[in-house]
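Notes for the structure review
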There are 2 protein chains.
Amino acid sequence: MNIGDAAKASGVSAKMIRYYESTGLIPAPGRTGAGYRVYSDSDVQMLRFVRRSRDLGFPVEKIADLLALWRDRSRHSADVKRLAQDQIDGLERKITELQAMKETLQHLADACCGDHRPDCPILADLGKGPILSKVSPR
Amino acid sequence: MNIGDAAKASGVSAKMIRYYESTGLIPAPGRTGAGYRVYSDSDVQMLRFVRRSRDLGFPVEKIADLLALWRDRSRHSADVKRLAQDQIDGLERKITELQAMKETLQHLADACCGDHRPDCPILADLGKGPILSKVSPR
DNA sequence: GTAATGCTTCCCATGATGGTAAGGTCAAGG
DNA sequence: CCTTGACCTTACCATCATGGGAAGCATTAC
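Residues numbered from 1 in each chain as written. Chains lettered and ligands numbered in written order. Predicted model: local features only at pLDDT ≥ 70, side-chain atom pairs only at ≥ 80, totals over all residues.

A closer look at the overall build of chain A
Note the cut-off: Segments assigned H or I by DSSP are reported as helices when at least four residues long, segments assigned E as strands when at least two residues long, and all are numbered from the N terminus. Here the C-beta atoms are placed from the backbone, and a residue counts as buried if at least 20 other C-beta atoms lie within 10 Å of its own, exposed if 12 or fewer do, and partly exposed otherwise. The contact criterion used here is simple: two residues whose C-beta atoms, placed from the backbone, lie within 7 Å are in contact.
Scanning chain A for helices and strands turns up six helices and two strands. Starting at the N terminus and walking to the C terminus, you meet the elements of chain A as α-α-β-β-α-α-α-α. Scored against the burial criterion, the 138 residues of chain A give a buried share of 28%. The contacts in chain A between residues at least 6 apart in sequence include a share of 44% that link residues at least 24 apart.

What follows is the structure, given as structure tokens:
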């Protein structure tokens, strides 16, 4: 099957398939005499694996580790679980960070009457801060 | 004050100050005879504004809008509030997305015993798909 | 007067993705 | 047999915000 079909079947764009190949995430497939990449069903399966991993937010670098474990029949599930837990922790950190941003902004927005007048606690907050007359005077 | 001092005082790196200038987000400051950029206290205040906005997750493009409103004494606070609300909505969308990833992954991790054995529902899920239907399901 | 910072510009890299352009290949239909 | 259109190839360029580094001046400290 050609790259276009593999893309449709896996949900990974042809562009990204070539990119993953170029970075070594996935092995280079066979080629036809004319140079067309040829993919097998198991190649497509691997691409789906990559796609699902991306959907769960794994960076490509980690997916290389996941793929290695996937192919290793003597893997320890503990290793997989650790990768997953690291990812969960990373997601949690990001969520907490975004939540803090959102709450700060929500507070400011709640305090802004939002009418035709120029007075705005949002801008007041963003613009506040010591107008440092001297940090390191020259 | 030179760019290094402005960077320290505002929390924006010298590198980023030059970048913001090059993209037109902030105006080009005056220069000394030797070509050094010279910043005033109000320039630093503006940089702090940018920094705070970035900390709240605003993309630089939106910060240009915020800065314009900040400088416009006849602004309508409703316009500021709308920008803030858009940002809140965007953050909320991202949070929801990350939360969904995290929950899916947590579910899979919970089902993984995480020991020395190779059997792993995480990999099983990532690798599943129509192609695998030929393989004997566990 | 010399050494150590600090400033300048310019280029490169990131991560994952999309876009485009120039050219080769293949299959279907007249 | 030839055209047409869909598909493939490689090779760049762009994103978004940020950091790193080099080469060359300027300023400051001692």
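Remarks on the protein's contact with DNA strand C
Note the threshold: Working rule for contacts: place C-beta from the backbone, and if it is within 6 Å of a molecule or strand, that residue counts as near it. Each residue is assigned to one of three groups, with Ala, Val, Leu, Ile, Met, Phe, Trp, Tyr, Cys and Pro labelled nonpolar, Asp, Glu, Lys and Arg labelled charged, and all others, Gly among them, labelled polar.
Lining the immediate surroundings of DNA strand C are 19 residues, of which A:Ala34, A:Pro59, B:Asn2, B:Gly4 and B:Arg37 lie closest. Going through the elements one at a time, helix H2 (14-22) of chain A together with helix H1 (3-10) and helix H2 (14-23) of chain B are the ones with two or more residues in the surface near DNA strand C. For the surface near DNA strand C, the residue count by class is eight nonpolar, six polar and five charged.

A word on the relation of the copies chain B and chain A
Note the following rule: Copies overlap after least-squares fitting; the atoms used are the C-alpha atoms of residues with pLDDT of at least 70 in both.
When chain B is fitted onto chain A, the two copies agree to an RMSD of 0.1 Å after a turn of 180° and an axial shift of 0.0 Å. Seen this way, the second copy is the image of the first under a two-fold rotation axis. In terms of proximity to the rotation axis, the leading residue of chain B is B:Ile95, whose C-alpha is 2.8 Å off the axis. Comparing interface residues between copies, 93% of those in chain B also sit at the interface in chain A, which points to an isologous, same-surface contact.

Concerning helix H3 (residues 41-55) of chain A
Here is the rule: How far a helix is expected to stretch is found by multiplying one less than its residue total by 1.5 Å.
Across its 15 residues, H3(A) extends 21 Å between first and last C-alpha, which sits within 8% of the 21 Å expected from 1.5 Å per residue. Considered for burial, the residues of H3(A) that qualify are A:Asp43, A:Val44, A:Met46, A:Leu47, A:Arg48, A:Phe49, A:Val50, A:Arg52 and A:Ser53. In this fold, the buried residues of H3(A) make contact with helix H1 (3-10), H2 and helix H4 (60-71) of chain A together with helix H6 (121-127) of chain B. Among the residues trailing H3(A), A:Gly57 stands out with phi positive, at a value near 90°.

Details of the interface of chain B and chain A
Taken residue by residue, the interface counts 57 residues in chain B and 57 residues in chain A. Elements with a minimum of two residues in the side of chain B that touches chain A: H1, helix H3 (41-55), helix H4 (60-71), helix H5 (77-111) and H6 of chain B. Broken down by class, the residue content of the side of chain B that touches chain A amounts to 28 nonpolar, 15 polar and 14 charged.

What about the environment of A:Pro118?
Tracing the sequence through the fold places A:Pro118 in the loop between helix H5 (77-111) and helix H6 (121-127). Those residues in contact with A:Pro118 that sit more than four places away from it in its chain are B:Arg73, B:Ser74, B:Arg75 and B:Ser77.

Here we look at the protein's contact with DNA strand D
Taken together, 21 residues sit near DNA strand D, with A:Asn2, A:Gly4, A:Arg37, B:Ala34 and B:Pro59 positioned nearest. For the surface near DNA strand D, the secondary-structure elements that each account for two or more residues are H1 and H2 of chain A together with H2 and H4 of chain B. Class assignment of the residues belonging to the surface near DNA strand D gives a composition of eight nonpolar, six polar and seven charged.

Looking at the confidence of the model for chain A
Residues and elements named next belong to chain A. In plain terms, the rule: pLDDT expresses how confident the predictor is about each individual residue, on a scale running from 0 to 100.
This prediction gives chain A a mean pLDDT of 91; 93% of its residues lie at or above 70. Averaged pLDDT values for the elements of chain A fall to 92 in H6 and rise to 97 in strand S2 (residues 37-38). Every residue in residues 130-138 scores below 50 in pLDDT, and together they form eleven contacts with partners more than four places removed in sequence or on other chains.

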